[in-house]
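Structural overview
This is what each chain is made of:
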Amino acid sequence: WVEQDIPNVPDSTLLRDISMTRDGREGWAVGTLYPGGSDLSFALHYFNGTWFQEDAGLPGGAEGVSIVAEGDAWAVGITSGTGPGYIADYRFDTE
């Protein structure tokens, strides 16, 4: 294992899943940020050797992520401790 340099992650964050492209050029790590009792999604995006914190914009804590192609990732999560879940597709330009 080689620990990676990532942006400062708040103490109240739990990273739950990671997905990388086969060539290792792009990846996502997702989880949940717990500021004052609410569940907010948290995401880190890896691109060309560097991790960046991204505004996930998901409706609650992120539980899992999968990259299906470069520039196309899917996430799954829950909107609250007992609420409904969600599935979200995130497409972005990697050029």
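Look up a bit, the structure's there.
What you are looking at is a predicted structure, and each value in this text was computed from that prediction instead of being measured. The residue numbering used here restarts from 1 in each chain and proceeds along that chain's sequence as written. This being a predicted model, a pLDDT of at least 70 is required before a residue's local features are given, and a value of 80 or more before pairs of side-chain atoms are given or counted; all residues contribute to the totals for chains, interfaces and linings. Side-chain measures here rest on the full set of heavy atoms in the structure, leaving out hydrogens and waters.

**With respect to the sheet that holds strand 5 (residues 61–69)**
Operational definition: When DSSP finds two or more bridges between a pair of strands, those strands are recorded as paired. In this description a helix means any DSSP run of H or I spanning at least four residues, a strand means any run of E spanning at least two, and both kinds are numbered starting from the N terminus. Every axis corresponds to a line fitted to the C-alpha atoms, with the helix fit spanning only the stretch in contact, and the corresponding angles, defined between N-to-C directions, vary from 0 to 180 degrees.
What the 3 strands build is an open sheet, ordered 5-6-7; its pairing is antiparallel. Of all the strands in the sheet, the pair left with one neighbour each is strand 5 and strand 7 (85–91). Averaged over all pairs of adjacent strands, the angle between their axes in this sheet comes to 20°, without regard to strand direction.

**Focus: the environment of glycine 77**
Worth spelling out the cut-off: Exposure categories follow from relative accessible area, calculated using a 1.4 Å probe and restricted to protein chains: below 20% of the type maximum is buried, above 50% is exposed, and the middle band is partly exposed. The contact rule is simple, with two residues in contact once any of their heavy atoms fall within 4.5 Å.
Inspection of the secondary structure puts glycine 77 in strand 6 (residues 72–78). Its relative accessible area of 10% is what places glycine 77 among the buried residues. A C-alpha to C-alpha distance of 16 Å links glycine 77 and glutamate 54, two positions 23 residues apart in sequence. Contact partners of glycine 77, with chain neighbours within four places excluded, come to Gly61, Ala62, Glu63, Gly85 and Tyr86.

**Details of the pattern of salt bridges**
In a structure, side chains of opposite charge can pair up when their charged atoms sit close to one another. Just so we agree on the cut-off: Salt bridge, as used here: a side-chain nitrogen of Lys or Arg that lies within 4 Å of a carboxyl oxygen of Asp or Glu.
If you walk through the whole model with that rule in mind, you get 4 salt bridges. Among the ionic pairs, glutamate 63 bridges to arginine 16, the shortest N-O distance being 3.4 Å. Separated by 47 residues along the polypeptide, glutamate 63 in strand 5 and arginine 16 in strand 1 (residues 13–20) bring together distant segments of the chain. Among the residues examined, glutamate 63 registers a relative accessible area of 34% and is labelled partly exposed. Judged by its relative accessible area of 37%, arginine 16 falls in the partly exposed class. Within this structure, Asp72, Asp89 and Arg91 form a network of salt bridges that share partners.

**Some points on the sheet that holds strand 2 (residues 26–33)**
Reading across from one edge, 1-2-3-4 is the order of the 4 strands in this open sheet, with antiparallel pairing throughout. In the strand order of this sheet, the two ends are held by strand 1 and strand 4 (50–54), each with one partner. Taking the axes of each pair of neighbouring strands and ignoring which way they run, one obtains an average angle of 20° across the sheet. Sheet topology note: the strand 2/strand 3 (residues 40–47) ladder contains 8 bridges and is antiparallel. Directly across from glycine 27, in strand 3, lies its bridge partner tyrosine 46.

**Examining the layout of surface pockets**
Rules: In the cavity and pocket records, a cavity denotes points on a 1 Å grid over the protein atoms alone where a 1.4 Å probe fits but cannot get out, a pocket denotes an open set with protein on both sides within 12 Å along at least 5 of 7 lines, and lining residues are residues with an atom within 4 Å of a point. Grid points are joined across faces, edges and corners, and a volume is the space filled by probe spheres set on the points.
Its volume calculated, the largest pocket comes out at about 190 Å³. Lining the largest pocket we find 16 residues, and of these Trp28, Ala56, Leu58, Ala75 and Tyr90 sit closest to its centre. Elements represented by at least two residues in the lining of the largest pocket include exactly strand 2, strand 3, strand 5, strand 6 and strand 7.

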